[in-house]
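One-letter residues, chain by chain:
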Amino acid sequence: GTADGKYFEVRVVRVSEGHLDGLVLGVTTRSPLDIEAIPQTMNEVRPCWLAGFAGVFVDGLASSEKKIAWKPQGLVAGDRVGFLVTQGGVAVVFLNGKE
């Protein structure tokens, strides 16, 4: 974590073509021990907060979606994508260290 909240980052090693949805990052408050089987998609894990797809943020607690500016379809090998949950509960996506 950071002083501002909890943060994690992934580095893109390679990209593939032909998918409608792109990379999705997110978090849940559930323990991995409580998830019996790996789900087909992470929005099956409740509650969850996810960002990506084709420029969408999913609030699994409120069961709502909203458009966001970040679209993972433009990612290239070497990009770093970070996900911060602030102390106030706000999710922020970073691309190569920038919000």
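Each remark here, short or long, concerns the structure printed above.
First, a word on what this report is: a plain description of the structure on this page. (Residues numbered from 1 in each chain as written. Predicted model: local features only at pLDDT ≥ 70, side-chain atom pairs only at ≥ 80, totals over all residues. Heavy atoms only, no water.)

**Description of the packing of aromatic side chains**
Scanning all chains against the criterion turns up two aromatic pairs. Pairing Y7 with F94 gives two aromatic rings, centres 5.8 Å apart and planes at 80°, and the pair type is edge-to-face. One end of the pair, Y7, is in strand β1 (residues 5-11); the other, F94, is in strand β7 (residues 91-95), with 87 residues separating them in the sequence. Taking the relative accessible area as the measure of exposure, Y7 reaches 31% and is therefore partly exposed. In this structure F94 comes out as buried when scored by relative accessible area, which is 16%. (Phe/Tyr/Trp six-rings, centres within 6.5 Å; stacked < 30°, edge-to-face > 60°. Helix = DSSP H or I, 4+ residues; strand = E, 2+ residues; numbered from the N terminus. Buried < 20%, exposed > 50% of the residue type's maximum accessible area, 1.4 Å probe, protein only.)

**Quick word on the sheet that holds β7**
The strand order across the open sheet formed by three strands is β1-β6-β7, and the pairing between neighbours is antiparallel. Strands at the two margins of the open sheet, each flanked by one partner only, are β1 and β7. If you compare each strand with its neighbour and ignore which way they point, the axes differ by 15° on average. Examined bridge by bridge, β1 and strand β6 (residues 80-86) share seven bridges and lie antiparallel to one another. (Pairing = 2+ DSSP bridges. Axes fitted to C-alpha atoms, helices over the stretch in contact; angles between N-to-C directions.)

**As for the sheet that holds strand β4 (residues 56-59)**
Taken in spatial order, the four strands line up as β2-β3-β4-β5 in an open sheet, and their pairing is antiparallel. The open sheet terminates on both sides in strands that have one partner only, identified here as β2 (24-28) and β5 (64-67). Each adjacent strand pair in this sheet contributes to an overall mean axis angle of 10°, direction not counted. When β4 meets β5, the two strands line up antiparallel, connected through four bridges. Counterpart to V58 in the pairing with β5 is E65.

**Re the pattern of salt bridges**
Enumeration according to the criterion identifies one salt bridge in this entry. Linking R80 and E9 is a salt bridge whose minimum nitrogen-to-oxygen distance equals 3.1 Å. Taken together, the residues R80 in strand β6 and E9 in strand β1 connect sequence positions 71 residues apart. Classification of R80 by relative accessible area gives partly exposed; the value is 32%. On the basis of relative accessible area, E9 is assigned to the partly exposed category, the value being 37%. (Salt bridge = Lys/Arg side-chain N within 4 Å of Asp/Glu carboxyl O.)

**Thoughts on unusual backbone geometry**
Note that the residue after R46, namely P47, is joined by a cis bond; omega there is -5°. Relative to the assigned elements, P47 resides in the loop between β2 and β3 (48-52). Backbone geometry places S63, a non-glycine residue, at a positive phi of 50°. If you trace the backbone, S63 turns up in the loop between β4 and β5. Notably, N96 is not glycine yet its phi reads approximately 50°, a positive angle. Locating N96 in the fold gives a position in the segment after β7.

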